[in-house]
Amino acid sequence: MRKITTLLACLLCISSLQAANKQSDLKKKLDNYIETAVMSKDVVGFNLAVVSADDVLYRGAFGVKNIYTQEPVTSTSLFHIASVTKTFVGAALMQLHEQGKLDLDAPVTTVVPYFKLVDGRYKDLTIRQFASHISGMPDFDSDPWHHKEYDDGALERFVRDFISHKFLTEAPSTKYQYCNTGYELLGDVIAKASGMTFEDYVHQHILKPLEMNSSTLLIRDADFSELNSLHHKKDGKNAVHDIYPYNRAHGPSSTMISNQDDMIKYLQMYLNKGQLNGRQLLSPAAVNAMFAPALGKFDNVGLSWHRKEQDGQLVIYHGGNDGFKAYAALVPELNIGIVFLTNTAHSPYHELADNLVAIVKASL
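Being a predicted model, the structure only gives us computed values, none of them experimental.

Draft legend 1. Local environment of the side chain of Asp 262. Among the structural elements, Asp 262 can be located in helix H8 (residues 260–271). Of the side chains with opposite charge, Lys 265 lies nearest to the buried Asp 262, which makes no salt bridge, at 4.1 Å. Looking at Asp 262, its side chain comes within polar contact range of the side chain of Ser 215, at 2.7 Å.

Draft legend 2. Spotlight on H8. For H8, which comprises 12 residues, the first-to-last C-alpha distance of 16 Å matches the rise-based estimate of 16 Å (1.5 Å per residue) to within 8%. Of all the residues in H8, the buried ones are Gln 260, Asp 262, Met 263, Ile 264, Tyr 266, Leu 267, Gln 268, Met 269, Tyr 270 and Leu 271. Residue Asn 259 occupies the N-cap position of H8, its side-chain oxygen lying 3.3 Å from the main-chain nitrogen of Asp 261. Taken from the residues just after H8, Lys 273 is the one with a positive phi, measuring 55°.

Draft legend 3. Representation of the environment of Leu 295. When you line up the elements, Leu 295 lands in the loop between helix H9 (284–291) and strand S9 (306–310). Leu 295 gets classed as partly exposed once you look at its relative accessible area, which sits at 44%. On a C-alpha basis, the gap between Leu 295 and Arg 128 in space is 8.9 Å, while along the polypeptide they are 167 residues apart. Residues in contact with Leu 295, not counting those within four places in the same chain, are Arg 128, Ile 134 and Ser 173.

Draft legend 4. Just the nonpolar core, in detail. Phe 88, Leu 93, Phe 115, Tyr 266, Tyr 270 and Trp 305 are the most contacted members of the largest nonpolar core, which totals 79 residues. Contacts of Trp 305, omitting those with residues within four sequence positions, involve Thr 87, Tyr 266, Leu 267, Tyr 270, Met 290, Phe 291, Ile 316, Tyr 317, His 318, Ala 328 and Leu 330. In terms of nonpolar packing, the next biggest core, distinct from the first, is built from 29 residues, Leu 48, Tyr 327, Tyr 349 and Val 357 among them.

Draft legend 5. Here's a closer look at helix H10 (residues 349–363). Across its 15 residues, H10 extends 21 Å between first and last C-alpha, which sits within 8% of the 21 Å expected from 1.5 Å per residue. Of all the positions in H10, only Tyr 349, Leu 352, Ala 353, Leu 356, Val 357, Ile 359, Val 360, Lys 361 and Ser 363 are classed as buried.

What counts, and at which threshold
Residues numbered from 1 in each chain as written. Predicted model: local features only at pLDDT ≥ 70, side-chain atom pairs only at ≥ 80, totals over all residues. Heavy atoms only, no water. Helix = DSSP H or I, 4+ residues; strand = E, 2+ residues; numbered from the N terminus. Buried < 20%, exposed > 50% of the residue type's maximum accessible area, 1.4 Å probe, protein only. Lys, Arg positive; Asp, Glu negative; His and termini not counted. Salt bridge = Lys/Arg side-chain N within 4 Å of Asp/Glu carboxyl O. Polar contact = N/O pair within 3.5 Å; in protein donor to acceptor, adjacent residues only side chain to side chain. Expected span 1.5 Å × (residues − 1). Contact = heavy atoms within 4.5 Å. Core = buried A, V, L, I, M, F, W, Y, C linked by side-chain atoms within 4.5 Å.

Shown next, in the form of structure tokens:
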């Protein structure tokens, strides 16, 4: 019996040592890649984390939050995460669906009766179609960041006044067509189904249970001492942009502010099939439904998350690009998640996403 116990202890020790070696190898590879392929391209500030369901496999913080103050980027530094915000909309919709407060396959007008288009097909457009970018709705064509709105009524005004003149550009459920406009509508759906503002619902039912205490959809609630500035090229040199991407009329599509520490919790919730630290935000079936091909036939998109195959494995992901660049990805087969955040408009966004996922997959 003692020999068996000793053997098991040795095997556990070997396994632990192998895991530690893999993690050390991953750190070396990622540190080297970020220093040579990212920061060498004049990126001002960059943040990366790699997680499993119950561990943080890598953390990295590089550069500064602002080129003038030279404050370093840390795990608590706040970034605008742009369209990664849409995945929070998807989670909120799925929660309300499971609670019976809305039906994803019902027309949007059952929840938001004032939603109208000059195109009569709008009456049959469902919540699910908008959540999977297959409604046929075109995107908005205004500049959302130069005409900021901060009040509680901004989102409903957008739905009532801006969307109404639109025609569908594709037949519903026939073609994937990425659409920010549809997500503003979905934010208003969440507000009306829940009886709360969109921002309050997400705070109370997603951010607070996950203890994402630094994250917010309302810029007024952000810790400005932690907030990154947005940088762009001006006269060939890095400069702080004079516009910060924020507007409550476009909150659901793109205005979440978060950091590395909080996004780690968010990804781990999905890797743990909808729960974290004993709190069940989504059922396992709901998570699976969010990741599955939309309507069973759109292989590139689920519900709020996108899908792709990379080196033979499914990657569930969403990117964000409003000057700030963000990317969140899950590889279910390997039980890992990856998130990077950057404060620089010219960051090599798509190249980064594919290469970082490839490095992580090859190292684990």
